[in-house]
Amino acid sequence: MGKLKIVNLTVSIDGKTILDDFNLEINDGEIHAIMGPNGTGKSTLAKVIMGDPKFKIISGDIYFDDVKINDLSVDKRSNLGIFLGMQMPTEIDGVTNADFLRTALHSRDKEKFSLFSFVKSMNSVSEDLKMHKDMSSRFVNKGFSGGEKKKNEVLQMYMLKPKSILLDEIDSGLDVDSLSIVGNSVMDYYNEHKPSMLVITHYSRLLNYIKPDYVHIISEGRIIASGDNTLVEYIEKNGYSNNNKLKEKFGCYFKEVLKNE
């Protein structure tokens, strides 16, 4: 299971409200995409779900598999099965990729951890992602190109096997070839494990590979429109400039879906 539910969530940083009475529910096996202009709260949403302490929850709740996680630390949320693929992955000097992942998995799995299986799996996934053979011995993201950093996020996802995946602009900084590898690898993982997934992006190009069930537009810290791929096509053609038209055309999408069911 990997159900995420966000109820009436208001979040601030340095006294400024970023998310305002935000609501979203992602059921097991669903892929939801969030789009919107810069500064509307997209990345904040992913970081708050993951437990970034820089953000303050003013009101509202976050549930994972019906368990309230507002007060859980990042590592405890990760152990529950939540994974965040970051827009700007952190460099960790002095810690190799292999050591980083081995420590994380051993801490979680304890006596079930198998070094042989770990090495075999890491080599296999790295090869699928077309990463350099010395990647496992390099320090985490140190000196990595933008594409290498994003591939490394996908590698971590595969190794940790999360039940819920948050991807924060995983497509930024990728050339066409790397985008194809990253997008297809994410979908391969999804097709095998059927996690819940939240994809945050500015551009429709990523959604050519990662196919969302639902697309949401966020503005001023809340969802103003929801739909299917026709919403992506609308944004590609018209942009985000007319919020009123977006609300009129797509704001009642979920109500119509529920009514039809």
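Please refer to the structure higher up on the page.
To keep things clear, this report deals only with the structure shown in the data block. (Residues numbered from 1 in each chain as written. Predicted model: local features only at pLDDT ≥ 70, side-chain atom pairs only at ≥ 80, totals over all residues. Heavy atoms only, no water.)

As for the overall build of the chain
Heads up, the condition is: Segments assigned H or I by DSSP are reported as helices when at least four residues long, segments assigned E as strands when at least two residues long, and all are numbered from the N terminus. Computation of the radius of gyration draws on C-alpha atoms alone. For the globule rule, the value is 2.2 Å times the number of residues to the power 0.38. Only heavy atoms matter for contacts: two residues are in contact if any of them lie within 4.5 Å across the pair. For accessible areas, the Shrake-Rupley method is used with a probe of radius 1.4 Å. Any residue's cover is judged against the shown protein chains and nothing else. Positive charges are assigned to Lys and Arg, negative charges to Asp and Glu, while His and the chain termini are left out of the count. Where a charge lies is defined by one atom per residue type, namely NZ (Lys), CZ (Arg), CG (Asp) and CD (Glu).
When its secondary structure is counted, the chain shows nine helices and 12 strands. Since a compact globule built from 261 residues should have a radius of gyration of about 18 Å, the 18 Å found for the chain is in line with a globular shape. Here the C-alpha coordinates of the chain stretch approximately 55 × 40 × 40 Å along the principal axes. Across the chain, the fraction of contacts at a sequence separation of at least 24, relative to all contacts at a separation of at least 6, is 69%. When the accessible area of the chain is evaluated, it comes to approximately 13,200 Å², of which 49% is carbon and sulfur surface. Charge-centre separation for the chain: the mean point of 34 positive side chains lies 1 Å from the mean point of 37 negative side chains.

Observations regarding helix α3 (residues 97-109)
To keep it simple, the criterion reads: Residue count minus one, scaled by 1.5 Å, sets the expected span of a helix. Accessible area is worked out with a 1.4 Å probe on protein chains only. A residue is then buried under 20% of its type maximum, exposed over 50%, and partly exposed in between. The directions considered for the arc are those from the helix axis to the C-beta atoms.
Given a rise of 1.5 Å per residue, 13 residues ought to cover 18 Å, and the 18 Å separating the end C-alpha atoms of α3 matches this to within 8%. Among all positions in α3, only Asn 97, Ala 98, Leu 101 and Leu 105 are buried. Down the axis of α3, the smallest arc covering the buried residues is 90°, so these residues share one side. Residues of α3 that are buried in the fold lie against β7 (92-96), α4 (115-128), β8 (139-140) and α5 (146-160). Phi turns positive one or two residues past the end of α3, at Lys 110, with a value near 55°.

Looking at the nonpolar core
The following threshold applies: Residues grouped as a nonpolar core are buried Ala, Val, Leu, Ile, Met, Phe, Trp, Tyr and Cys residues, joined through side-chain atoms within 4.5 Å.
One finds Leu 155, Met 197, Ile 210 and Leu 246 to be the most contacted residues of the largest nonpolar core, which totals 47 residues. Sort the elements by how many residues they give to this core and helix α6 (residues 176-193) lands first, with seven residues. Setting aside residues up to four positions removed in sequence, Met 197 forms contacts with Ile 26, Glu 30, Ile 31, His 32, Ile 165, Leu 167, Val 186, Tyr 190 and Ile 210. Core analysis: the second largest hydrophobic core is formed by 24 residues, Leu 19, Phe 64, Ile 69 and Leu 166 among them.

As for α4
Side chains three or four residues apart in an α-helix point the same way, a direct result of the helix having 3.6 residues per turn. The end-to-end C-alpha distance of α4 is 20 Å, a good match for the 20 Å that 14 residues give at a rise of 1.5 Å each. By the burial criterion, the buried members of α4 are Phe 118, Met 122, Val 125 and Ser 126. One side of α4 carries all its buried residues, which in axial view fall inside an arc of 100°. The exposed residues of α4 that point more than 90 degrees off its buried face are Phe 116, Lys 120, Glu 127 and Asp 128. Buried residues belonging to α4 abut α3 and α5. Positive phi shows up at Lys 130, right after α4, with a value of about 60°.

Examining the sheet that holds strand β1 (residues 4-13)
Threshold: Paired strands, in this sense, are two strands between which DSSP finds at least two bridges.
In spatial order, the strands read β2-β1-β4-β5; together these four strands make up an open sheet with antiparallel pairing. Two strands close off the open sheet at either side, each with one partner strand: β2 (16-26) and β5 (67-68). Summarising the sheet, β1 and β2 pair through seven bridges and their orientation is antiparallel. In the strand pairing of β2, Lys 5 is matched with Glu 25.

Remarks on the layout of surface pockets
Note the threshold: Of the two site types, the cavity is a set of points on a 1 Å grid over the protein atoms alone where a 1.4 Å probe fits but cannot get out, and the pocket is an open set with protein on both sides within 12 Å along at least five of seven lines, each lined by residues with an atom within 4 Å of a point. Grid points are joined across faces, edges and corners, and a volume is the space filled by probe spheres set on the points. Three categories are distinguished: nonpolar for Ala, Val, Leu, Ile, Met, Phe, Trp, Tyr, Cys and Pro, charged for Asp, Glu, Lys and Arg, and polar for the others, with Gly belonging to the last.
The calculated volume of the largest pocket comes to roughly 850 Å³. What lines the largest pocket is a set of 28 residues, among which Met 50, Val 74, Leu 84, Met 86 and Phe 100 lie closest to the centre. Of all the secondary-structure elements, those providing two or more residues to the lining of the largest pocket are α1 (42-50), α2 (74-80), β6 (82-85), α3 and α5. Among the elements that take part in the lining of the largest pocket, α3 stands out by supplying five residues, more than any other. Taken together, the residues of the lining of the largest pocket sort by class into 13 nonpolar, eight polar and seven charged.

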